[in-house]
Amino acid sequence: MSAIMKLDGIGMKYQSPQDEITALENITFEVEKGEFISIVGPSGCGKSTLLSVMAGLLPDYSGSVEICGKKVAETAAEIGYMLQSDQLFQWRSVWQNVLLGLEIRRMKTAENMEYAKKLLKTYGLYEFSDKRPSELSGGMRQRAALIRTLAVRPEILLLDEAFSALDYQTRLAVCEDIYSIIKQEQKTAVLVTHDISEAISMSDRVIVLTKRPATVRSIHKISFDLDVRSPMACRETAQFRVYFNDIWRELDVHV
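All values derive from a computational prediction rather than experimental measurement.

About the thresholds
Residues numbered from 1 in each chain as written. Predicted model: local features only at pLDDT ≥ 70, side-chain atom pairs only at ≥ 80, totals over all residues. Heavy atoms only, no water. Helix = DSSP H or I, 4+ residues; strand = E, 2+ residues; numbered from the N terminus. Rg over C-alpha atoms; globule rule 2.2 N^0.38 Å. Buried < 20%, exposed > 50% of the residue type's maximum accessible area, 1.4 Å probe, protein only. Contact = heavy atoms within 4.5 Å. Areas by Shrake-Rupley, 256 points an atom, 1.4 Å probe, with all protein chains shown as cover. Lys, Arg positive; Asp, Glu negative; His and termini not counted. Charge placed at Lys NZ, Arg CZ, Asp CG, Glu CD. Core = buried A, V, L, I, M, F, W, Y, C linked by side-chain atoms within 4.5 Å. Pairing = 2+ DSSP bridges.

Once that is clear, we can look at the overall build of the protein. Across its full length, the protein holds nine helices and ten strands. Radius of gyration (C-alpha) of the protein: 18 Å, near the 18 Å computed for a compact globule of 255 residues. Dimensions along the principal axes, computed over C-alpha positions, put the protein at roughly 50 × 45 × 40 Å. Residue burial in the protein is summarised as follows: out of 255 residues, 49% are buried. The contacts of the protein with a sequence gap of at least 6 include a subset with a gap of at least 24, amounting to 70%. When the accessible surface of the protein is totalled, it reaches about 12,400 Å², and 48% of it is carbon and sulfur. Of note, the protein has its 31 positive side-chain charges centred 4 Å away from the centre of its 34 negative side-chain charges.

Right under this line is the structure:
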């Protein structure tokens, strides 16, 4: 595999009313094409800030971010970003919501609309195309949001606590859905999450950050003895608990 994203010496400071605060410090790692990476760390350490840097939304940082060999500021078309809520517009149908990214990027061609329709059919939402978001379950809304993101054909998906607004049972089911879709579409993904179990069950590697200023404390390569991997199947293995305990200890959760 080859690296699709490279972060080198990322640092970030911002000004508070009292003082200058260092949020990120010398963060360096690479993401390989087709990988699913999760980033975990203590609450408030700067995980979402790091994801915003990776998305090119925060320009005032030190170090460098490259995606597909180009500076992140030049790669907006290669990035798909999913936030904590699905951000579906209630006055638009599911189909109109799915097309929103194509409209904004002026990519609403017949070919891309056909691709969006194919995604809806493949992942079980085509029959709900004319429904409003309020008529869908939480899991279906997240699926629609992901399809909207995939419709613009990004090279890499950035997921910022993308499942945190869901109840626990729905969250487990949506993790299965989203993982399956991302793998089937052969996309690269980076997930920021507070949920250690979620990170382990979905990821090829888990990056653990320290308390602020966040640095990379460790990187765990995740592997399971499974013929067919899925998040739920991973949670049922003996290896899962070993990974969980190792990462739990590193997060200094009792501090």
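From this point, the discussion proceeds with the structure in view.
Attention now moves to the environment of Trp95. Looking at where Trp95 falls in the secondary structure, it is placed in helix H2 (residues 94-98). Considered as a pair, Trp95 and Ala3 are 92 residues apart in the sequence and their alpha carbons are 34 Å apart. Here Trp95 is in contact with Met113, Ala116, Lys117, Leu120 and Ser129, once residues within four sequence places are set aside.

The next thing to look at is the nonpolar core. If you look at the biggest cluster of nonpolar residues, it comprises 36 residues, and the most contacted ones within it are Phe36, Leu159 and Phe163. The set of elements that each furnish at least two residues to this core consists of H2, helix H4 (110-122), helix H5 (138-150), strand E7 (156-160), helix H6 (168-184) and strand E8 (188-192). Leaving out residues up to four positions away in the same chain, Leu159 has contacts with Phe36, Leu51, Met82, Ile182, Val190, Leu191 and Val192. Of all hydrophobic cores here, the second largest spans 29 residues; its members include Phe29, Val72, Ile156 and Leu209.

The next thing to look at is the pairing of strand E2 (residues 20-32). As defined by bridge partners, strand E1 (residues 3-15) adjoins E2 across nine bridges and the pair is classed as antiparallel. Residue Gln15 lies in a different strand from E2, and its bridge partner there is Glu20. Adjacent in sequence and paired antiparallel, E1 and E2 are bridged by four residues.

On to unusual backbone geometry. Phi is mostly negative for residues that are not glycine, and the peptide bonds are mostly trans. Note the cis peptide between Arg212 and Pro213, where omega equals 0 degrees. Here Arg153, not a glycine, exhibits a phi torsion of approximately 55 degrees, which is positive. Tracing the backbone shows Arg153 in the loop between H5 and E7. Residues other than glycine seldom take positive phi values, yet Gln186 does so here, at roughly 55 degrees. Its place among the elements puts Gln186 in the loop between H6 and E8.

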